[in-house]
Amino acid sequence: MKLLTEQEYNDAFRMIDNLIAENFEEDINKQQEFLEVAKAIQEYEKTMYPLPKLTSAMRIKSA
């Protein structure tokens, strides 16, 4: 599963919400679906909302 649009991203969150409401932990197929959707969300966020790389100076300053 690959999310390409903001709409698909939002739909994926609705899928996650529905799986949680359905107690996905009790069904191996729903567990697999949950993991697949969660991974797709992570990949989309990594692409669309990347975190800035911290320089050494920034890491030291925030410590």
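Report follows, based on the coordinates. Bear in mind the structure is a predicted one, so any value in this text is a computation, not a measurement. (Residues numbered from 1 in each chain as written. Predicted model: local features only at pLDDT ≥ 70, side-chain atom pairs only at ≥ 80, totals over all residues. Heavy atoms only, no water.)

Across its full length, the protein carries three helices and zero strands. For the protein, the proportion of its 63 residues judged to be buried stands at 17%. In the protein, the share of contacts with a sequence separation of at least 24, taken over all contacts with a separation of at least 6, comes to 50%. (Helix = DSSP H or I, 4+ residues; strand = E, 2+ residues; numbered from the N terminus. Buried < 20%, exposed > 50% of the residue type's maximum accessible area, 1.4 Å probe, protein only. Contact = heavy atoms within 4.5 Å.)

Attention shifts here to the packing of aromatic side chains. Inspection of the entire model under this criterion finds five aromatic pairs. On the numbers, 4.7 Å between centres and 25 degrees between planes, the contact of Tyr9 with Tyr44 is stacked. With Tyr9 in helix α1 (residues 6-21) and Tyr44 in helix α2 (residues 28-48), the pair connects residues that are 35 residues apart, well separated along the chain. With 4.1 Å between their ring centres and 5 degrees between their planes, Phe24 and Phe34 make a pair best called stacked. Placement of the pair is Phe24 in the loop between α1 and α2 and Phe34 in helix α2, with a sequence separation of 10 residues. As far as the burial class goes, Phe24 and Phe34 line up, both buried. One aromatic cluster is present, built from ring pairs that chain together Tyr9, Phe13, Tyr44 and Tyr49. (Phe/Tyr/Trp six-rings, centres within 6.5 Å; stacked < 30°, edge-to-face > 60°.)

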